Amino acid sequence: MGFEAPSQLHGGDRVQSFNFRPARQPCEEPIGAPLERARVRLAALLSDLDGMLGEHATPLLQEARRQIEERACRIAVIGQIKAGKTTFINTLIGQPGLLPTDINPWTAVVSALHFRDGRKAEHSAVFQLFSVDEWKQIAKGGGRLRELTERLVPGFQPDLLRAQLEVMRSRSERRLGAKFEQLLGKAHRFKEITPELLADYISAGDPGLESGSESDRRNYSDITRSADLYFHESPFAFPITLIDTPGTNDPFLVRDEITRRSLENPDIYIFVVSALQPLSAADIAMMRLLNGLHKDRIVVFINRVDQLANPMLDATVVRRAVKKRLRLEFPTLHIPVIIGSAWLGGLGNQTPSAVGDETASTFAAHPMGVEPAFPALAARGAPALSNGMAEVSEAITHMMCNSTIAVLLQQIAGCLLELVRSDQAGVSAQLRQMQTLFEAERTEASALQKKIEEEEKSLAAFEQRAHALQASFTEMQTHFNRTIESGQSTMRSELRAIVRDFAQSSADRLAVAIENGVSTKSWRCNVMPLRNDLETAYLAAFEELANDVLRVEQFLYPHLQVIVSNLLPGYRGTVLEAPIAPLAGSLSLAPLSDKVTMDLETHWWTHWIKARRSAEDHGNQLRLLIENDFLPIVDQLVGDAVDCLCERVEYTMQRANAITSGLLSGVEQRRENLAVEAAPLKGAGDAQSAVRREHEQVARIQKCMERQATLIASCEELGNILTGLNSLQVENGRR
Amino acid sequence: MTQVLLQQLPDERTNAKPLVHSLPATSRRPVRVVIAGECNSGKTWLANGLLGSQVLPTSFVTRTGLPTVVEFGASSRLVLERHDGSRVATTWEDAESGVSRGRRLYCRLPSARLKGFRLVDTPGLGDGDEGKLRRTRSLCRTADLVIWCTSALQAWKASELGFWLSLPPAVRDKGVLVLTFADMLRQDQDATRVLARLQSEAGLHFQKIVVPAQLPELLALAGSERTGRFPQERAAVASSLSPAYVGA
């Protein structure tokens, strides 16, 4: 498409030099800046707290540090073939021509681009090739599609798939030699990323055009499973992993399969559609796949606006039409729709006049020499049309503030706050103790003795209650688990019943149709209603179950609150209030969008229905097909719901346990103090040692006070970070 | 664009005589041509090209959603066939705005070209409308020649393949795949490479894969053979397939 002529556009300025030119206006903040500020502050705080909190906190702190340092925001760029996904990524990262693009579907491999400032990975590019088993499965026509068609008409191997697999196998042999299978299972690593390297591993290459004699380079794309590219200089503020995918709706079925499998866990999806055919049925099908993934995770980018006959006028119309269609299809979702052109965005790195010349001359030189596709641009030279990239960046940043990443940061901050507060409570109790003892000692020895005894007694009582608290937390967990356990079996049987009913009624309908001699030529079983019913029932059942959990929380928390406030009069923690993270936040409906037999193209069904069977047999088989497809989906949904609730319970328990272990370690420290204080009582010390001890005492109190000051400061900082994160979300909620 | 298409016809691509003259005088009825494809794949643009003038309105977003039959008539007329089969005169504005409802539009033109063929421009597929799919399928069944348009900018998707394979083989035998919008590609060799991909991925399912400029020649051929099939073309297609596909 000429989109991909980096040498042409940039006068040979190739990719090796990683100068990130800002693709957006320079005054704008890079993507993820607000979240990055929170992340940096949290990281700084973590190193301040290092060694400050007791041993009990170490595993929690380590986990928090790992999450903060390693977790990147995953952004997947998806869409149909030739929608311009790769061009979009190239423009977003300010590197036109980095990833190879072409006029034919060209991206064959799911590749992850890892952007993180200042950290140099050992290798810049890692390509994982298929394992022997995976390749065998692919080469034999494995995968979901084969499985589904097998289920429908056993032994019937679709010619198309067979032909494609044969092409792929023989192509691999031609490209890589007869012994290419020896390469399988390996990972290829490289120090530098070059366009040639990327072309070798992730470009599909021309079918049948390569003769092998032209160059020594070998194309590995057919046997490459995934590509990881590491960049130590990032155009983004927050650590981001961009995922480029081969397009869906690819007649090359194998590639379509690979893409679908890669769509599991990104935080944000950028859905690229072509302005020329915005939101076709295939796009909508794909959106349904993402629908389960929550409303604040999808941005629709209508690409290639430069190819509209009249970009200025049509852009508005197209955008409005897409918004309308989305509202109609997904009434509850709010999906930002941005229209633009990644190609124009890529050109934006040049001077405006160069853009105009380039465009005009390309068209003039064209043999079919029609009028320019965008006369408005050619005439004015500079693109008056927004290329949409700045809007996309803004949308991504806002979405990140509401994403699982933001929630994660919030949870980390919340958990740290609990830790610091309970530690601070312990420290102030310790401080009080030391001061009392110090006072007592000054008056006389017998008074000290008495104080120590009193202290020991109260400490024992405190410890007992702390243990009791810990025990009731454990009991609470058991109760949660029991609630979830009973809830999930109810949910499972409810959903299973829906599947069985639907399967039975479809089977009956088919049998009746056959008996009545109704034409079965164009007969199809539409499972959309079943999907919808399952979705409704699932969400309702989940809400009920979640409410049960909430009820348990609401019943138990006030009791525990009383216990804790007795233990720690000065404690102001929030652990005993229900966490703010929404329960359904991480619930996924993705399994509902799994491709099932019923989704197959009509021509496969024709084969099935042609088979000579009685009407009853046909009905029975249909029933089994539906059950076999949907019962596993039900299991997966229930499993997801349980995971989601368990995660919540675990998070609550983590915070609760942080408190009790903080309390217990405080007890430990005070006991040590007592032992030190009691020492002189056992053997009468001389004056010198008394002086020394007094110095030590003062130093200990001093240290304790310093520690308290740090903890209070950390508390404040954490409070600020949390407020900041909350306000980012609120700000987004209003948008 | 229409102009370009037609100017190119006689000299550049073929030596074929102008369409009308090449049709045998003995033709009893005009060749029935159905143009189908997904939204914005250039169907109406192509139809206008074949008609030689901007007869059918091309609009980017709003579509009538009705198949339009373009045939010869003594005078220019636009007729709407209602659901009950009755016919009334209408205007493009009314048809586009959906004021008048019906199942088909008939556009009669006193054009000499239309003595050779009768065109059906079908509504764009790809929005998942089952009824539209069914109607287009039945239109294709009655055609002598089915022209499937695929846009060079996003050529030959699985959804197109899916629809095409849902047609009976006998209908597919009458199919020609046309690569539209090749003029919007930015590099010369691109069109060749897209055509190469089409040949390897769709070659088996069509009589022939062509660019718009080659169509009039094909139409003429279809007219002379009456059956709408081109056995000699088929052999050519088979021989141009990539080795892996031969015999598959």
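About the criteria used
Residues numbered from 1 in each chain as written. Chains lettered and ligands numbered in written order. Predicted model: local features only at pLDDT ≥ 70, side-chain atom pairs only at ≥ 80, totals over all residues. Helix = DSSP H or I, 4+ residues; strand = E, 2+ residues; numbered from the N terminus. Buried ≥ 20, exposed ≤ 12 C-beta atoms within 10 Å, placed from the backbone. Contact = placed C-beta atoms within 7 Å. Axes fitted to C-alpha atoms, helices over the stretch in contact; angles between N-to-C directions. Parallel < 35°, antiparallel > 145°, perpendicular 65-115°, else oblique. Pairing = 2+ DSSP bridges. Core = buried A, V, L, I, M, F, W, Y, C linked by C-beta atoms within 7 Å. Expected span 1.5 Å × (residues − 1). Domains from an automatic or database assignment. Nonpolar A, V, L, I, M, F, W, Y, C, P; charged D, E, K, R; others polar. Left-handed = near helix turned anticlockwise from the far one by under 90°. pLDDT = per-residue confidence, 0-100. Arc of directions from axis to C-beta.

Engineer: Before we go on, may I ask you to explain the overall build of chain B in this structure?
Structural biologist: Counting secondary structure elements, chain B contains 10 helices and 9 strands. Residue burial in chain B is summarised as follows: out of 248 residues, 44% are buried. Sequence separation of 24 or more characterises 78% of the internal contacts of chain B that already satisfy a separation of 6 or more.

Engineer: Even after reading the chapter, I still don't get the overall build of chain A, so can you show me in this structure?
Structural biologist: Looking only at helices and strands, chain A features 21 helices and 9 strands. Within chain A, buried positions represent 43% of all 735 residues. Here the contacts in chain A between residues at least 6 apart in sequence split such that 87% fall between residues at least 24 apart.

Engineer: Help me out: how do you make sense of the packing of helix α16 (residues 404-443) of chain A against helix α17 (residues 445-515) of chain A in this one?
Structural biologist: Axis angle and axis distance: for two packed helices, these are the angle between their axes and the distance between the axes, and together they describe the pair. Residues and elements named next belong to chain A. Direction vectors running N to C along α16 and α17 enclose 155°, while the axes themselves pass 7 Å from each other. On the basis of the axis angle, α16 is roughly antiparallel to α17. Residues Gln433, Thr436, Leu437, Ala440, Glu441 and Thr443 of α16 form the contact with α17, whose own contacting residues are Ala447, Leu448, Lys451 and Glu455.

Engineer: What is the right way to read the sheet that holds strand β6 (residues 240-244) of chain A from this model?
Structural biologist: Through backbone hydrogen bonds, the strands of a sheet pair up, either in parallel or in antiparallel fashion. Residues and elements named next belong to chain A. Here 9 strands make up an open sheet; going across it, the order is β4-β3-β5-β2-β6-β1-β7-β8-β9 and the pairing mixed. Sheet topology places β4 (187-190) and β9 (337-339) at the edges, where each strand pairs with a single neighbour. Taking each pair of neighbouring strands and ignoring which way they run, the sheet shows an average axis angle of 20°. Examined bridge by bridge, strand β7 (residues 268-274) and strand β8 (residues 298-303) share 6 bridges and lie parallel to one another. Residue pairing in the sheet places Val273 in a bridge with Ile302 of β8. Each of β8 and β9 touches helix α11 (residues 311-329); the most contacted strand, β9, lies at about 160° to it.

Engineer: Help me out: how do you make sense of the sheet that holds strand β9 (residues 208-210) of chain B in this one?
Structural biologist: All names here are of chain B. Spatially, β4-β3-β5-β2-β6-β1-β7-β8-β9 is the arrangement adopted by the 9 strands of the open sheet, whose pairing is mixed. Edge strands, defined here as strands with exactly one partner in the open sheet, are β4 (87-89) and β9. Across the sheet, the mean angle separating the axes of adjacent strands is 25° when strand polarity is ignored. Bridge count for strand β1 (residues 31-37) against strand β6 (residues 117-121) is 5 bridges, and the pairing is parallel. Looking at the pairing, Val31 lines up with Phe117 of β6. Helix α8 (residues 188-202) contacts β8 (175-180) and β9 of the sheet and is inclined by roughly 155° relative to β8.

Engineer: Got a minute to help me understand the pairing of strand β7 (residues 145-151) of chain B in this structure?
Structural biologist: Side-chain positions along a regular strand alternate between the two faces of the sheet. Residues and elements named next belong to chain B. Buried residues dominate β7, accounting for 7 of its 7 residues. Here β7 shows no split at all, with Leu145, Ile147, Cys149 and Ser151 on one side and Val146, Trp148 and Thr150 on the other all buried. Of the strand pairs in this sheet, β1 and β7 are connected by 5 bridges, and their pairing is parallel. Looking across to β7, one finds that Ile35 is bridged to Ile147.

Engineer: Teacher, can you tell me more about the nonpolar core here?
Structural biologist: Nonpolar side chains tend to gather and get buried jointly when the protein is soluble and globular. By size, the foremost hydrophobic cluster in this structure holds 172 residues, and its most contacted members are Phe271 and Val299 of chain A together with Val33 and Ile147 of chain B. When residues of this core are assigned to their parent elements, the largest contribution, 11 residues, is made by α16 of chain A. Excluding anything up to four places from it in sequence, Val33 of chain B contacts Phe117, Arg118, Leu119, Val120, Ala143, Asp144, Leu145, Ile147 and Leu219 of chain B. The next biggest cluster of nonpolar side chains, apart from the first, holds 31 residues, and it includes Ile484, Leu530, Leu534 and Leu622 of chain A.

Engineer: Sorry, what's going on with helix α15 (residues 389-400) of chain A here?
Structural biologist: Residues three or four positions apart in an α-helix share a direction because the helix packs 3.6 residues into each turn. The end-to-end C-alpha distance of α15 of chain A, which contains 12 residues, comes to 16 Å, matching closely the 16 Å that a straight helix rising 1.5 Å per residue would cover. Taken residue by residue, α15 of chain A has Met389, Val392, Ser393, Ala395, Ile396, Thr397, Met399 and Met400 of chain A as its buried positions.

Engineer: What is the right way to look at the environment of Leu219 of chain B in this model?
Structural biologist: All names here are of chain B. Looking at the secondary structure, you find Leu219 in helix α9 (residues 215-225). The class for Leu219 is buried, based on 25 C-beta atoms found within 10 Å. In this structure, the C-alpha to C-alpha distance between Leu219 and Val120, residues 99 residues apart in sequence, is 14 Å.

Engineer: Hey, could you run me through the domain arrangement of chain A in this one?
Structural biologist: Where interface size is quoted, it is often the accessible area lost as the parts come together. Residues and elements named next belong to chain A. Domain parsing of chain A yields domain 1 (6-26 + 73-128 + 234-400), domain 2 (31-71 + 403-443 + 687-735) and domain 3 (444-684). It is α16 that contributes the most residues to the side of domain 2 that touches domain 3, 21 residues altogether. Per-class residue counts for the side of domain 2 that touches domain 3 are 9 nonpolar, 11 polar and 5 charged.

Engineer: Would you mind going over the pairing of β6 of chain B with me for this structure?
Structural biologist: All names here are of chain B. Most of β6 is tucked away: 4 of the 5 residues are buried. For strand β2 (residues 68-72) and β6, the ladder comprises 3 bridges, and the chain directions are antiparallel. The partner of Thr68 across the bridge, within β6, is Asp121.

Engineer: Which parts of the structure should I look at to understand the packing of helix α2 (residues 33-49) of chain A against helix α3 (residues 58-70) of chain A?
Structural biologist: All names here are of chain A. Put simply, α2 and α3 touch, their axes get as near as 10 Å, and they point 150° apart. In terms of their interaxial angle, α2 and α3 are classed as roughly antiparallel. Considering only the axes of α2 and α3, their crossing is left-handed. Touching Arg39, Leu42, Ala43, Leu46 and Leu49 of α2 are Leu61, Ala64, Arg65 and Ile68, all from α3. Looking at the contact of α2 with α3, its residues break down into 7 nonpolar, no polar and 2 charged.

Engineer: Even after reading the chapter, I still don't get unusual backbone geometry, so can you show me in this structure?
Structural biologist: The bulk of non-glycine residues show a negative phi, and the bulk of peptide bonds are trans. One non-glycine residue, Arg304 of chain A, lies in positive phi territory at about 65°. One can find Arg304 of chain A in the loop between β8 and α11. At Trp156 of chain B, a position not held by glycine, the phi torsion is positive, near 50°. Here Trp156 of chain B shows up in the loop between β7 and α6 (158-165).

Engineer: Can you walk me through the environment of Met434 of chain A in this structure?
Structural biologist: All names here are of chain A. Summarising the element assignment, Met434 is placed in helix α16. Judged by the 21 C-beta atoms lying within 10 Å of it, Met434 is buried. The spacing of Met434 and Arg492 is 58 residues in sequence and 58 Å in space, taken between C-alpha atoms. Ignoring sequence-local partners within four residues, the contact set of Met434 consists of Asn673, Gln697, Arg700, Ile701 and Cys704.

Engineer: Help me understand the confidence of the model for chain B in this model?
Structural biologist: Should the pLDDT be low somewhere, the predicted coordinates at that spot are not to be read in detail. Residue and element names in this part refer to chain B. Scored by pLDDT, chain B has a mean of 75; 75% of the residues are at 70 or more. Per-residue pLDDT stays below 50 along residues 1-27; that stretch engages in 42 contacts with residues further than four places along the chain or on separate chains. Low pLDDT, under 50, characterises residues 226-248; the stretch is placed with 36 contacts to residues that sit more than four places away or in other chains. We note a pTM of 0.75 for the whole complex and an ipTM of 0.72 for its interfaces.

Engineer: Explain helix α8 (residues 195-202) of chain A here, please?
Structural biologist: Residue and element names in this part refer to chain A. Listing the buried residues of α8 in full gives Leu197, Leu198, Asp200, Tyr201 and Ile202. Seen end-on, α8 carries its buried residues on one side only, within an arc spanning 160°. In this fold, the buried residues of α8 make contact with β2 (110-115), β3 (125-129), β4 and β5 (224-231).

Engineer: Is there a simple way to explain the confidence of the model for chain A in this structure?
Structural biologist: Residue and element names in this part refer to chain A. Per-residue pLDDT for chain A averages 76, and the proportion of residues at 70 or more is 75%. No element of chain A has a lower mean pLDDT than helix α1 (residues 6-10), which averages 32, and none a higher one than β9, which averages 93. Note that pLDDT drops below 50 for residues 208-214; the model gives that stretch 6 contacts with residues more than four away or on any other chain. For residues 350-383, every residue scores under 50 in pLDDT, and the model assigns this stretch 38 contacts once sequence neighbours within four places are set aside.

Engineer: Can you walk me through the environment of Ala222 of chain B in this structure?
Structural biologist: Checked against the element boundaries, Ala222 of chain B lands in helix α9. Each C-alpha atom of the pair Ala222 of chain B and Phe117 of chain B lies 9.6 Å from the other, and the pair is 105 residues apart in sequence.

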